[in-house]
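For reference, the chains in residue letters:
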Amino acid sequence: MATLEARGLDGSTLLGFLASVGSLRLVSEKNSRARLRFDPADDHAIFEVEEFSTDEIMSAIIRGHQAKARDQELSMLGDAPKPRDLPIAALHEIARAARDHDAFAATAAGLICDDGVREFATETTLCAANGAGWQNMFTTMRDLRRLATEQHVRRSLTDSWQFQDEVFTELRKKSKNDPQGWSMGDRKPTLRWDEGSERLYALRLHKPTDDPEPFRTEFAAYALAMAALPCFPVVPTARGGATVFTTRDSSTRTSFWWALWTPPASLTTIKAMHASGEPRTDPASARRRGVYRLLRAQRMILDNGKLVFSPAEGVW
């Protein structure tokens, strides 16, 4: 059995945890016996796969990221920029495809649901790019599919994240030879899962639109994290849709919770653990199963109306 010490994936952050689970999902497409655990010393992810070498684990993650299946999954969303722009008829069509065991349609379960009341799709708790600040979840996901290269993926898995990736100027403008082609324009390639992706408006030296410093992030971290969304489906609640292992308190604050564990766990085990909520509702039982830490991040609205996630908070 080979292991891959993914020292770039820090499970104690929301983005790092999602990227870890997303990477496991990509490996599991090639080998269903893939397992994930975390190192209690510094919370980095460790992948274990039978009949694979360390290089093959890395290759499986890269090939999974590059696979046409990722584009087919996004194609289920049509041209909608964000969850609330998806027509209810399109949502019902996705639901029918999912009942027919269409793997691409099933991916949408981590992004949207129909709560039976509204005439639009209900978004995931993890959607912080919901139109504020011109950031749209689905548009950003399509951008990141184009921006994250094999080199980016390798670096994000093995090296500490420096958040130095920026969109080159030529990608921000449409080509004269292909005026209908893709360009980033003024969009920022972030889904706001990184606690440092947005600074409080009042603490900025410049207005965001006038800031001379280019926006920098970690392309592959987000690209890998996107692959984790189907593992945390959206379910209807009395207050609208919510991702599994989400809580809302009396003041309407919403938090996403996640656990870290030491025994190697399959993707199925991880999904079941978070769907059950056991680490939050029965910590003693979760500890016996090998969970050593429980964290949460709060979904917040900034003073400029943007949604972001707070830094991760240790619960136990």
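Here is what the cut-offs are and how they apply
- Every chain's residues receive numbers from 1 upward, in the order its sequence appears when written.
- It should be noted that, the model being predicted, local features are given only for residues of pLDDT at least 70 and side-chain atom pairs only at 80 or more, the latter also being counted only at that level, while totals for whole chains, interfaces and linings use all residues.
- The basis for every side-chain value is the complete set of heavy atoms in the structure, and neither hydrogens nor water enter the calculation.
- Throughout this description, buried means an accessible area under 20% of the type-specific maximum (1.4 Å probe, protein chains only), exposed means over 50%, and partly exposed covers the range between.
- A run of H or I in DSSP counts as a helix once it spans at least four residues, and a run of E counts as a strand once it spans at least two, with each numbered from the N terminus.
- We treat two strands as partners when DSSP finds at least two bridges between them.
- For this analysis, a polar contact is any N or O atom pair within 3.5 Å, provided that within protein one partner can donate a hydrogen and the other can accept it, and provided that sequence-adjacent residues contribute only side-chain to side-chain pairs.
- Two residues form a contact once any of their heavy atoms are found within 4.5 Å.
- Each nonpolar core is a collection of buried residues, namely Ala, Val, Leu, Ile, Met, Phe, Trp, Tyr and Cys, held together in the definition by side-chain atoms within 4.5 Å.
- Basic side-chain nitrogens of Lys or Arg form a salt bridge, by our definition, when they fall within 4 Å of a carboxyl oxygen of Asp or Glu.
- Along the arc lie the directions from the helix axis toward the C-beta atoms.

Asks: Would you mind showing me how to read the pairing of strand S9 (residues 254–261) here?
Replies: Consecutive residues of a regular strand have side chains that alternate between opposite faces of the sheet. Within S9, eight of the eight residues are buried, leaving the element largely enclosed by the surrounding structure. Burial of the side chains of S9 extends over both faces: Thr254, Phe256, Trp258 and Leu260 are buried on one face and Ser255, Trp257, Ala259 and Trp261 on the other. The pairing of S9 with strand S10 (residues 291–301) spans eight bridges and is classified as antiparallel. When the sheet's bridge partners are listed, Ser255 is paired in S10 with Gln298.

Asks: How should the side chain of Ser12 be read in this particular structure?
Replies: Relative to the helices and strands, Ser12 is located in the loop between strand S1 (2–10) and helix H1 (14–28). Given a relative accessible area of 19%, Ser12 falls into the buried group. Engagement of the side chain of Ser12 in a polar contact is seen with the side chain of Asp10, the distance being 2.7 Å. Among all residues touching Ser12, those that are not within four sequence positions of it are Asp43, Trp258, Leu260, Arg293, Leu295 and Ala312.

Asks: Quick question: what am I supposed to make of the nonpolar core here?
Replies: Within soluble globular proteins, side chains that are nonpolar tend to cluster in buried spots. Counting 84 residues, the largest nonpolar core has Ile112, Met137 and Trp193 as the members making the most contacts within it. Sort the elements by how many residues they give to this core and H1 lands first, with nine residues.

Asks: Would you mind going over the environment of Ala265 with me for this structure?
Replies: Checked against the element boundaries, Ala265 lands in the loop between S9 and helix H9 (267–276). Residues Ala265 and Arg33, spaced 232 residues apart in sequence, show a C-alpha to C-alpha distance of 9.4 Å. Setting aside residues up to four positions removed in sequence, Ala265 forms contacts with Leu24, Ala34, Arg35, Leu36 and Ile270.

Asks: Is there a simple way to think about the pattern of salt bridges in this case?
Replies: Two side chains carrying opposite charge are able to pair once their charged atoms lie near each other. Enumeration according to the criterion identifies 20 salt bridges in this entry. Residue Arg187 pairs with Asp143 through a salt bridge whose shortest N-O separation is 2.8 Å. Of this pair, Arg187 sits in the loop between helix H7 (150–158) and helix H8 (219–226) while Asp143 sits in helix H6 (residues 137–147), and the two are 44 residues apart along the sequence. Salt bridges here are not isolated pairs; linked through shared partners, they connect Arg25, Glu29, Arg70 and Glu73.

Asks: I tried to follow H9 on my own but got confused; where do I start?
Replies: An α-helical segment advances 3.6 residues per turn. Residues three or four places apart therefore align on the same side. Inspection of H9 places Leu267, Ile270, Met273 and His274 among the buried residues, and these make up the whole buried set. Buried residues along H9 cover an arc of 130 degrees about the axis, so they all sit on one side. Set apart from the buried face of H9 by more than 90 degrees, the exposed residues are Thr268 and Ala275. Positive phi shows up at Gly277, right after H9, with a value of about 75 degrees.

Interpretation in functional terms is not warranted from these geometric data alone.
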